[in-house]
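The lines below spell out each chain.
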Amino acid sequence: LADGQVIGRYLVKGEAQSSLSADKLIRNEKIQTTELHGKPAELNRGTDWLRSTVIRITERDRDYVLTTPGAGEMRITFPTADGTSPPALLGLKWPGSLEFDGQTNTAVFTGLDNERVTGAIVHSPTSSSQLAADRLELYLQNKEQTNPANKKRPSEDMMSAKTFFKPMGNRTLQKMILTGR
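Not measured: the values here are computed from a predicted model.

Colleague: Sorry, what's going on with the pairing of strand 7 (residues 88–94) here?
Modeller: Remark: a regular strand shows side chains that alternate across the two faces of the sheet. As paired strands, strand 6 (residues 72–78) and strand 7 are joined by seven bridges and run antiparallel to one another. Bridge pairing in strand 7 links E73 to K93. With five bridges joining them, strand 7 and strand 10 (residues 117–124) adopt antiparallel strand pairing. Residue L89 lies in a different strand from strand 10, and its bridge partner there is V122.

Shown next as structure tokens:
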């Protein structure tokens, strides 16, 4: 679809400005997949970002799967479930892979045999927690309860911020499981 330096910027009414940057953008309509390739490829939404050499977005009915088949890093802000506490900021770096599944509301980050998933959660300006694991699983919940019958399919809005990066940041963090040796 595009080769060379690919830069996009999206403004969706009521949403934080989003952008993408990559050396190559590949779209396969037959399998409903978009790939960003770069050194690194990057997705941004407001102050949140995701970076990896390959970012793959595969559309599915009512949502999508976002994967990085290799190492990457991200910073994402999760609103609190009650909305009264300050949002939690999560920064992660993974050497293995990331898979975010929008239908099951799960994100799995993997390490390698000799390198772990690392990161930090900032709870407040004076409180944070460090983390390290061979595998990290995040279980999320939709911030806004929507009727799935009325939800727009990703293919109707593929090149928008809503499809590219909103889903993880528009959900609250319910549970985190760290697995190690």
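Colleague: What am I meant to see in the pattern of salt bridges here?
Modeller: Two side chains of opposite charge can pair, provided their charged atoms sit close to one another. What the rule picks out here adds up to eight salt bridges. The closest approach of N and O atoms between E35 and R56, which form a salt bridge, is 2.7 Å. Pair noted here: E35 is in strand 3 (residues 33–45) and R56 is in strand 4 (residues 48–60), with a separation of 21 residues, a long-range link. The exposure class of E35 is buried, given its relative accessible area of 16%. Between E137 and R135 there is a salt bridge whose closest N-O contact spans 2.9 Å. Take E137: its relative accessible area is 14%, and that puts it in the buried class.

Rules of the game
- Residues numbered from 1 in each chain as written.
- Predicted model: local features only at pLDDT ≥ 70, side-chain atom pairs only at ≥ 80, totals over all residues.
- Heavy atoms only, no water.
- Pairing = 2+ DSSP bridges.
- Helix = DSSP H or I, 4+ residues; strand = E, 2+ residues; numbered from the N terminus.
- Salt bridge = Lys/Arg side-chain N within 4 Å of Asp/Glu carboxyl O.
- Buried < 20%, exposed > 50% of the residue type's maximum accessible area, 1.4 Å probe, protein only.

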